[in-house]
Every structure is written in structure tokens, then in C-alpha cells.
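Spelled out from the first residue to the last, the chains are:
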Amino acid sequence: MFNRQDYVYQSSDPKGDEGFGKVFAIVICFVFFLGAVQVAYETVSGWYQNFMQWSSETLAFLAGLWPF
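Residues numbered from 1 in each chain as written. Predicted model: local features only at pLDDT ≥ 70, side-chain atom pairs only at ≥ 80, totals over all residues. Heavy atoms only, no water.

Caption draft 1: Highlighting the overall build of the chain. A tally of helices and strands in the chain yields one helix and zero strands. Per-residue burial for the chain yields a buried fraction of 1% across its 68 residues. Element-wise, carbon and sulfur atoms account for 68% of the exposed surface of the chain, whose accessible area totals about 7100 Å². (Helix = DSSP H or I, 4+ residues; strand = E, 2+ residues; numbered from the N terminus. Buried < 20%, exposed > 50% of the residue type's maximum accessible area, 1.4 Å probe, protein only. Areas by Shrake-Rupley, 256 points an atom, 1.4 Å probe, with all protein chains shown as cover.)

Caption draft 2: Local environment of the pattern of salt bridges. On inspection of all chains with the given rule, the structure shows one salt bridge. The closest approach of N and O atoms between K22 and E18, which form a salt bridge, is 3.5 Å. In this pair, K22 and E18 are both assigned in helix α1 (residues 14-65), four residues apart and thus about one turn of the helix distant. (Salt bridge = Lys/Arg side-chain N within 4 Å of Asp/Glu carboxyl O.)

Caption draft 3: Quick look at a nonpolar patch on the surface. On the surface, F20, F24, I28 and F32 cluster together into a nonpolar patch covering about 470 Å² of accessible area. Within the secondary structure, I28 is located in helix α1. A residue is classified by how much of its surface remains accessible, and I28, at 34% relative accessible area, is partly exposed. (Patch = residues over 30% accessible without salt bridge, like charges linked within 9 Å, V, L, I, M, F, W, Y side chains within 5 Å.)

Note that all results are geometric; they support no functional claim without further evidence.
Written as C-alpha cells, this is what we have:
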């Protein structure tokens, strides 16, 4: 009925795809790095808080035993 031709534009850019893959991999590695830093920070922060609580309780206990 209509004399119309459909055109399909296909572009294959292997360098562009390779660049996108590299950028995407760098972003994923950076997110994993931030996750590892967060886990390390929370672990050290927890150790510090537990140590401070233990030392304050120990000092309170020893102060109770010290004769005044």
C-alpha cells in the first residue's frame, strides 16, 4: 500500500563497548572497595567501643576494691 522502506541503523562500536565495560568494572570495584572500608571501620569502631566499656567497668570495679 505504501511504498515506504524501513531502515535499521545498526552501529557496532567495539571500542565504545570495551570502554563502557572498563568504566563499569572500575565502578563495581570502587563500590566493593567502599564496602570493604565500611566493614573495616565498623569492626575497628566496635573493638574500640568494647575496649572502652571494658576498661571503664574494670576501673570502676578496681575503684570499688580500693580502700579509701
